[in-house]
Every structure is written in structure tokens, then in C-alpha cells.
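Tertiary structure, described
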Amino acid sequence: MTTSEIWDGTDPSPGGAWPPGADAAPGTGPAPAGDPSPGTHPRPGTDPAGTPYAPTAAGTVTDLTGGGPAEPAPAAEEALTPAARADQDSAVGRLAATVERLRAEVRAAQAAADGRALIELAKGVLIERLRCGPAQAARQLSELAEQSGVAPLELAAEIVNQAARDHVADVVDDFVRRTGGAPAADAESDGDVSVAVRLRTAESAALAAGDTQRVVESLLEHALAPLGAIGAAVWTAGPDGSLTLAGHAGFGLEEAGRWWYVPPGVSTVARRALDDRATVRITTLSASGIPSIGRADHPHGGRVALPAGTGGRIHGVLEICWPSPLGPQPQPVVRQLEALAELCAHTLETLPSSAEHPPGVSREFADVSELVDLADGLYDPALVLTPHLDAEGRLADFRIRHANQHFQDPAGRPRSAVNGALLLEAYPMAAGESELFGSVERVYATGEPYRARRTTLTALVDQVPLALFADISVSRHGAGILLIWRIEDEAARLASLLQHAQRLGRIGGFEENLATGEITWNGQLFALYGRPQTEGPVSLQDLASYAHSDDGVAIGRFLRAVLHHGRPDTVAFRLSRPDGVTRHIRVIAEPVLDTDGRLVAVRGAYQDISSQHWTEVALAATRDQLAQTEQEAAERNRLALQLQHAIMPPTRSPLNAPGFDVAVRYRPAESESLVGGDWYDTVVLPSKHILLCVGDVAGHGIEAATGMVVLRNAMRGLAVTGAGPAQLLAWLNMVAHHLTEQVTATAVCGVYDPVTRVLRWARAGHLPPVLVRAEEAAPLPLPQGLLLGALAEAEYEEHEVTLEPGDSLLMYTDGLVERRDTAVQDSLTHLLTTARGPAQTLGHRLDRLLTHSRSDTDDDTCLIGIHIS
């Protein structure tokens, strides 16, 4: 008897066994004989033929399908090293071995349970077909497997496939057809279980599982691991666009905890599959740059994400992880993955929900009933839609289950003509440019609400398309869709725009019929006048009685132009309101003439221009104040510049000192508003020593210039005492701190003895002098010294340097080197490079320094140079 005879419901031959020599079940081959080949081990929970087993205490495996005696478990092929045996004999090693053995037993028990579930399904098919009891069906299955030479699992999968003829069966048939009818062991990577067994075992485990986690573990073990996958995750799609990890396998608990919830808007592999509603294949995660679960462990692995949906509705996403880059997959593998995604969709669909609905009523009907109540409570037109599936279970359209009381059909049809119709039948243009049907389909698939303003709705009225504008809102509630639209009334929209424009512009309109005396004001004009609407409007001829007395003449000219000459005119006046507030108002009016040219009415508008008036007044006052301030600032800058030039001329006559040349350069700031406090001084003291000073007072303007005068004159007076540079700076610090108004400054002071050619010098927070000797330039070592005016008392360090014939010494202020984007040390390096070049005279050297200066602070600059001839 062949397998096809079972499907006819006829009783098999006596004993229920196939006769010797009968054909094996279609799509199966002979059972492999003998023990497994060396070096190979069956997957935990199955023998080489796919029969489920469980390990026993004695180390043997017990057949759980009733197909034969147990076989001993394969022994280890390699002996343990002494170190490994010592570790195994330790307490920790024995504990680890025990844990690993228990884990293996759990995996084997789960695999055996999955196999038993598939066999139980096949028994159920035999019970229904043969009209026999469970015991006879089990015996019949065992005898058929033994006589046909296939494993019980293979035969059980074949029986379920022929009885179901579903997507899984189609995948198996397609695989067999594409492989030319070869056994699965020749085409699959694992070589021990056929496609039918793997898919049916995974399906049986999913049906028997109590949660999605167990389903994902079964999918990875039975169906995905043979394809090379090392991880799988099932995501549920939330109505707000979020993703929740419903189950995972192959990933650590810590990694799964981090990816338990993905907020809306976060781009992941599963999110892309949900947005595109199509399978997403990624060759390697590192190249794509898309985050996903397990990326840290397998950054270069491939990913496949498949939407898990049924009947046009997507419940979640199945994401599969490979350890290495993923190449093109053959079509049979693609079909297998699609079948697994459909299995996940059914699992997600049947998960228990926290929402309650009345007993005895289906969940879909309960959701629609709630939507009907919700739609009837809305003031906007609303439709309640449910999915309409075709014969193959695919989403084809949406059925209009209910139209609420405020429903307005764009084509003018009554509610009864729309209720119960399909969406595309009632509104065929919904699939056109408006993309209304696509939006509804997307909301039903993903659960994400959709809202749009001024969407074009096109309705057919006597086969003529009529376009309307409406605000659209689409949301999914359970198994139903709530579609709300608010059709835009063009006249109401324009009236609303006009009201907002008048409110924002503080404009009120009026019209006065001169024949009947009827006057019409809008609400904004009553508000401008501060007049309640119960008192009525004011005639244009009485305008002068509500205005300031000084504006009577202008109002009279305005009325004569409009009422007597019949031409448009405008006038601004001060309105005295009843609440005592005076507002500046502009009124513009135009006459309305009849066909004979007679004046019959006047219409126009009032505008509150108080803000504009006071703004102009404030602007005029500000302009006058600014002009006065600019004049005062210019005068102050002029005085400061005159004071500076009187004391600090850009050049001065040379000193009368033999063997000693002095040159001075002063460059004022480019802007007169930046008149600074830079100063210099060169003078021959009574002792025939020469005083050299350069300083810089902080700040700009008249204050800096007067501070500079104080410090320069004080230095001259103190130098007559014959004190050294350090003592002079200490005294000058006391002057800056006590005798000025919070003046701070930097300075460098030197006293040169022409006889010994020794220069004693000190500094107060200033840049060091530069010594040019034999075409080499270098700054002098820095002595300690605080800037002037910072403390009441300060001590300054003094250095000496002996100058040689041909030497040049440069003293300068920071205006020569300072830049906003460059460190001072870098600017000083540029100065040394420029200074070491040959020069005909000392003046030429100073001019070259000023010419090649890179300073960008627009500050004034002092430069003193001495040359020993």
C-alpha cells in the first residue's frame, strides 16, 4: 500500500503494515545504516536519521518515538591530558561538568519534546483518516516507518505535509523540485534532517510553546541553525512605531536586556523591514552602519529581517543573524525564511492580550463595536473600516463598517449608500494621487497613526472628478481602522483668515449706507473704540466728536474728500475712548456710487497705529541721542589723540650721546576710537646715563591717555634720583596704585651707562627686549616683575647686560606682535626672524619691523631701538 492510499480513508492491510517491497513515502530515502561516520556527532536531541532521543543516566539514548531500541552514546575520541583530567577532578571542574551535562539534557529533552509534537500531529492525521484510536495510529506510524526505511520523524513530516498543503508544504515541494528530487541530506548543510522535518518540527514546537521565547529557540535550533544562522529575534510592533523584543535566541541576556525596547524613530534592521513592509537583507552590519541586537558580537555578520504578518497586517518582524557576511541566498532558502516569518506572525497573533472584551464575542467584533461608539461621539465625519481579505488571505480592500452621524460624503451620497461598501468601491479615487488607500493600508500594517492637513480628496460625481481639501486622521484600534476627515469649507476658511488678519493687524472694517443710515461694524472695530456692541456703531460724520480737538481740521478735510468730492482718502487722528485711553488711529474710506454716479454708501477700515506711532517717537528720540553720543565720543577721541600726539610724537630728534644711536617709532591706532595708552621715553639723566622706557596702559580712550601722561611724567621725575630700574619700577607701581584711578600698566625700564656699555633693566609684566648681535636676534632673559598698579607694594628683579659695538637693542609694546589667533610666543618668533636681517641704519630696521608686523588688534605701537656704534 502507498502513502496516497491513507488519504482515501481506506483501512490498510491486516496488521496495519505496508507489504514488503512497498514504495517509500514520497520525498524520502532509505534510512542510513550503521553508526555515524567518524568525527561527526548528531545534533543534540536527534539521531543521524532525525529520531528524537533523550540521554539516560547510563549514557545511552532512549528512542522517544517507539521506533527501536536505544543505542549507546558515542564515546570521546581523544584522551584527556593530565592537566585537563586534574581540572575535571577538582570540585569546580566537576561542578562545571555537571552543569554542562544538565544543559545538554535540557536541550535534548526540548528537542525530544519538539519531535514528539510533530509525531503527535501525524498520529492525529492518521486517526482522522483511518478512523482508528491513538494506540493503533501509533502502531501504524511505527510499522510504516520501519517498512518504508525512513525515520519516524521523516514519515510524520511527510504525512503532515500531504494533509496540510499549506505554505510549509509548498516550500518543501519547491525545495525538492529545485534540487531535482535529491535527498535533503545532499542539499542541506547539516545533512541529517530534511527540510520537511526541520520546518514541521519548528512548527510543532511553536504550536506547543507557551510563549514567543520558546518559539524563537525552536526556530533557531530546528530551522535556522542548519542554514548557518547563529541568532534570531522576534520583534512586536507597537501602535506608536516602537519595537519590543518578544523572543530571542543566540544572544546573551545582557544584550537582550539592552534591546528589549526600541523607541519610535530609531532606525534598526527590523525597523527598516517594518517601514518597507518587505524583506531586508544586509550583507554586513559594519558596512551598513545600522544598529541592531548582537552587533557587538558579530559586527561583520549578515542580517535578514522579514515582516511577520497575516492578512495584510504586520504583527512584528523576524530578524535572523549570521556570523559572517551574507551572500546571495538560493530561492528555496528564501522560501523557507518566509515560511518561518509566517509562523512567527501566527504566534504573535495568538499571544494573550491584556485588553478585555465581552465573553462570547470575538475580539475583532468587540474592537469594531468600540470603534463605532467612539466614532458616534465625534463631531467630525468618521468611518470605521475593517480589512477585507481575498481568497488567498491577502489584504485586498477595507470594508466600511460604519459611518457616524456627522458623516459628509464628498459626492453628496447618504450614509446608507456608503455603509457596508468596500473603500475602493465607494471611493475609487482613493488609490490615486491622494494616496488615501495607501495611507490606510500602511496604518493597518504598522499601527502608526497618520495625520495630514489639506489633503486632496477626489470623489466621482456623475463620473466627473470633484476635488476637495480635508484634514485626514487615520489610526488603528485592534482589528479596525478609524478614518476621520474634516472637509474644508472655502468660504469659512477665507473668513477665518480674514478675522485672524484683522486681529493681528488691529484692523476693524465698517460700511455705512447713506440712504438708509444703516451702519455695519465688525467685532474688531468695536474693540478698537472700546465700545460695547450693545451701544451700536458710530457714524462717520460724528467722527470729530470722538477725536482729540487738535485733529478736528484734518478730520474735516477727510470728510469733505469722501462725502462731498467722492474720492478715497485717509487720515490719522487721536481717538479718545470711553475708558480714558487715547489711541492713535488711521482711517481709510472709499465712496460707493450707483450707476448714476450718486454716492450711496461709504466703506473702509480703521487701524490702530499706536504701536507704530510710539515706535517712531522712540526711534526719533534714539536717533537724536545717538547723534549726541557720537558727537561726544568724537570730541573725546579728538582730545585724547591731541593729548597723545602732544606728548608722544611719532618721531623725535636723536639724543646727544656719543657712540650711541637711538631711534623711536610710534604707530597710532587706525581707529580714533581706539586711542590707547602706549608710551615711551628716552632721556639723558644728570649722571650722563641714558633712561630708556616703554609702557602700555590698559584700556583705550581719554582715561588711558591721561594714565599714560601720569606714568610717563612720574618716571621722568623719579629717574633724576639716580635710582636703578628695579627701584624706579617699584616707585612707579606705588604711583599707579595710589595716585591714579585704578590704572594698571606694563612697562620695561633700562638705564644705560655709555662708559661701561652696561645696560641695567627691569620689567613690570612687559615683553622682554630683543638683542640683535651679529645678525642673530634673541630675547633677553626675563626678570621677575608684576604689572604696575596691581598691588600696593611690589618688588622687581634687575638684570644687567653688556652691549658690544654693533649690537642693537629693541624695546616695544604688544601692538607690534599681538594677534587674536596666534600665541604670543609664536608672534615673538616671527619678530626675531624679521629683526635678525641686515639693515642699513637703525631707523631702517625699525621701519622694517613695523612693515612686516602681523598684528591684527588695531592697537597703537611704541618701538625704541638703540645701536652701539
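Residues numbered from 1 in each chain as written. Predicted model: local features only at pLDDT ≥ 70, side-chain atom pairs only at ≥ 80, totals over all residues. Heavy atoms only, no water.

A count of helices and strands for the protein chain gives 24 helices and 29 strands. Put simply, the protein chain has 869 residues, and 43% of those count as buried. If you take every contact in the protein chain between residues at least 6 apart in sequence, the share linking residues at least 24 apart comes to 58%. Here the protein chain displays about 43,200 Å² of accessible surface, and carbon together with sulfur accounts for 54% of that area. (Helix = DSSP H or I, 4+ residues; strand = E, 2+ residues; numbered from the N terminus. Buried < 20%, exposed > 50% of the residue type's maximum accessible area, 1.4 Å probe, protein only. Contact = heavy atoms within 4.5 Å. Areas by Shrake-Rupley, 256 points an atom, 1.4 Å probe, with all protein chains shown as cover.)

A few words on the side chain of Arg271. Positionally, Arg271 belongs in helix 11 (residues 269-276). A relative accessible area of 5% means that Arg271 is categorised as buried. Among the polar contacts listed, one links the side chain of Arg271 to the side chain of Asp275, at a separation of 2.6 Å. Among all residues touching Arg271, those that are not within four sequence positions of it are Gly241, Ser242, Leu243, Val266 and Glu448. (Polar contact = N/O pair within 3.5 Å; in protein donor to acceptor, adjacent residues only side chain to side chain.)

So, about the pairing of strand 28 (residues 808-812). The buried count for strand 28 comes to five of five residues, which makes it a mostly enclosed element. Of the two faces of strand 28, the one lined by Ser808, Leu810 and Tyr812 and the one lined by Leu809 and Met811 are each fully buried. Pairing geometry for strand 25 (residues 770-773) and strand 28, over three bridges, is antiparallel. Bridging across to strand 28, Val772 finds its partner in Ser808. Bridge count for strand 28 against strand 29 (residues 861-868) is five bridges, and the pairing is antiparallel. If you follow Leu810 over to strand 29, its bridge partner there is Gly865. (Pairing = 2+ DSSP bridges.)

Inspection of every chain in the model, using the stated rule, returns 24 salt bridges. Two residues, Glu392 and Arg394, come together in a salt bridge whose shortest N-O distance is 2.3 Å. Relative accessible area serves as the criterion here: at 58%, Glu392 is assigned to the exposed category. Glu590 serves as the salt-bridge partner of Arg603, at 2.9 Å between the closest nitrogen and oxygen. Within this pair, whereas Arg603 is found in strand 19 (residues 599-608), its partner Glu590 is found in strand 18 (residues 582-593), the two being separated by 13 residues in sequence. (Salt bridge = Lys/Arg side-chain N within 4 Å of Asp/Glu carboxyl O.)

On to the side chain of Arg577. Along the chain, Arg577 falls in the loop between strand 17 (569-576) and strand 18. A polar contact is formed between the side chain of Arg577 and the backbone oxygen of Ala527, at a distance of 3.2 Å. Ignoring any residue separated from it by four or fewer positions in sequence, one finds Arg577 in contact with Ala527, Leu528, Tyr529, Gly530 and Arg583.

Looking now at the sheet that holds strand 20 (residues 660-667). The sheet built from five strands is open, its strands ordered 20-29-28-25-26 with antiparallel pairing. For this open sheet the edge positions go to strand 20 and strand 26 (776-779), each flanked by a neighbour on one side alone. With strand direction ignored, the average angle separating the axes of adjacent strands in the sheet is 20°. Inspection of the sheet shows strand 20 paired to strand 29 by eight bridges, in the antiparallel sense. Its bridge partner lying in strand 29, Phe660 is registered against Ile868. Sitting on the sheet, helix 23 (residues 824-835) is in contact with strand 25, strand 26 and strand 28, with an inclination near 150° to strand 26. Those strands touched by helix 24 (residues 842-851) are strand 20, strand 25, strand 28 and strand 29, and its axis lies near 25° from that of strand 20. (Axes fitted to C-alpha atoms, helices over the stretch in contact; angles between N-to-C directions.)

This brings us to helix 22 (residues 725-738). When the terminal C-alpha atoms of helix 22 are compared, their 20 Å separation across 14 residues agrees well with the 20 Å that a helix rising 1.5 Å per residue should span. Taken together, the buried positions of helix 22 are occupied by Pro725, Ala726, Leu728, Leu729, Ala730, Leu732, Asn733, Val735 and Ala736. Packing partners of the buried residues in helix 22 comprise strand 22 (690-700), helix 21 (702-719), strand 23 (745-753) and strand 24 (758-764). (Expected span 1.5 Å × (residues − 1).)

Further remarks concern the packing of aromatic side chains. Applying the stated criterion across every chain yields a total of eleven aromatic pairs. Ring centres of Tyr427 and Trp485 lie 5.6 Å apart, and the angle between their planes is 90°; on these two criteria the pair is classed as edge-to-face. Separated by 58 residues along the polypeptide, Tyr427 in the loop between helix 15 (423-426) and helix 16 (436-446) and Trp485 in strand 14 (residues 480-487) bring together distant segments of the chain. Taken individually, Tyr427 and Trp485 each receive the classification buried, so the pair is uniform in this respect. Between Tyr529 and Tyr606, the aromatic rings sit 5.6 Å apart at their centres with planes inclined by 80°, giving edge-to-face as the arrangement. Placement of Tyr529 in helix 18 (residues 523-529) and of Tyr606 in strand 19 is noted, with a sequence separation of 77 residues between them. Like Tyr606, Tyr529 is buried. (Phe/Tyr/Trp six-rings, centres within 6.5 Å; stacked < 30°, edge-to-face > 60°.)

Moving on to the nonpolar core. Note that soluble globular proteins tend to have their nonpolar side chains buried in a common cluster. Counting residues in each nonpolar core, the largest one holds 30 residues, and the members touching the most others are Leu691, Leu711, Met715, Leu728, Leu729 and Tyr796. Elements with a minimum of two residues in this core: strand 22, helix 21, helix 22, strand 23 and strand 24. Counting 26 residues, the second-largest nonpolar core is a separate cluster that includes Leu220, Trp322, Ala341 and Cys344. (Core = buried A, V, L, I, M, F, W, Y, C linked by side-chain atoms within 4.5 Å.)

To continue, consider the sheet that holds strand 22. Reading across the sheet, the five strands line up as 21-22-23-24-27 and stay open at both edges, with antiparallel pairing between neighbours. Whereas interior strands pair on both sides, the edge strands pair on one side only; in this sheet they are strand 21 (676-684) and strand 27 (799-802). Strand-to-strand twist of the sheet, defined as the mean angle between neighbouring strand axes without regard to direction, takes the value 15°. As defined by bridge partners, strand 22 adjoins strand 23 across eight bridges and the pair is classed as antiparallel.

Bringing the confidence of the model for the protein chain into the picture now. Residues of the protein chain with pLDDT of at least 70 account for 73%, and the chain-wide mean is 77. Note that pLDDT drops below 50 for residues 1-79; the model gives that stretch 127 contacts with residues more than four away or on any other chain. Below a pLDDT of 50 lies the segment residues 175-193, which in the model reaches 32 contacts outside its immediate sequence neighbourhood of four places, other chains included. (pLDDT = per-residue confidence, 0-100.)

Attention now moves to the packing of helix 9 (residues 212-224) against helix 13 (residues 331-349). Viewed as axis vectors pointing N to C, helix 9 and helix 13 meet at an angle of 165°, and their least axial separation amounts to 11 Å. Taken together, the axis directions place helix 9 and helix 13 in an arrangement best described as roughly antiparallel. Handedness of the helix 9/helix 13 crossing: right-handed. Counted together, Thr212, Val215, Leu219, Ala223 and Leu224 of helix 9 and Leu337, Leu340, Leu343, Cys344, Thr347 and Leu348 of helix 13 form the full contact between these two elements. (Parallel < 35°, antiparallel > 145°, perpendicular 65-115°, else oblique. Left-handed = near helix turned anticlockwise from the far one by under 90°.)

What follows deals with the environment of Gly124. Considering the arrangement of structural elements, one finds Gly124 in helix 3 (residues 91-130). Here the alpha-carbon distance between Gly124 and Pro134, two residues ten residues apart in the chain, equals 7.8 Å.

Our focus in this paragraph is the packing of helix 23 against helix 24. Taken N-terminus to C-terminus, the directions of helix 23 and helix 24 make an angle of 145°; their axes are 10 Å apart at the nearest point. Like other packed secondary-structure pairs, helix 23 and helix 24 cross with a definite hand, here right-handed. Between helix 23, through Leu831, Thr834 and Ala835, and helix 24, the contact on the second element is made entirely by Arg845, Arg848 and Leu849.

Tracing the backbone through its elements, the reader meets Arg757 in the loop between strand 23 and strand 24. The class for Arg757 is partly exposed, based on a relative accessible area of 32%. Between the C-alpha atom of Arg757 and that of Val801, which follows or precedes it by 44 residues, the distance is 8.5 Å. Here Arg757 is in contact with Tyr752, Val801, Thr802, Leu803, Glu804, Pro805 and Ile868, once residues within four sequence places are set aside.

As a further point, take the pairing of strand 19. The sheet contact formed by strand 15 (residues 507-513) and strand 19 spans seven bridges and is antiparallel. Bridge assignment links Glu511 to a residue of strand 19, and that residue is Arg603. Sheet topology places strand 18 next to strand 19; nine bridges connect them, and they run antiparallel. Along strand 19, the bridge assignment pairs Ile588 with Ala605. With antiparallel pairing between neighbouring strands as the criterion, strand 18 and strand 19 make up a hairpin whose turn holds five residues, including Gly597 at a positive phi of roughly 85°.

This part covers unusual backbone geometry. The backbone of Ala774 shows a phi angle near 55°, a positive value even though the residue is not glycine. Mapped onto the elements of the fold, Ala774 is located in the loop between strand 25 and strand 26.

There is a patch of nonpolar side chains on the surface, built from Leu786, Leu787 and Leu791 and spanning about 230 Å² of accessible area. With respect to the element layout, Leu786 can be found in the loop between strand 26 and strand 27. (Patch = residues over 30% accessible without salt bridge, like charges linked within 9 Å, V, L, I, M, F, W, Y side chains within 5 Å.)

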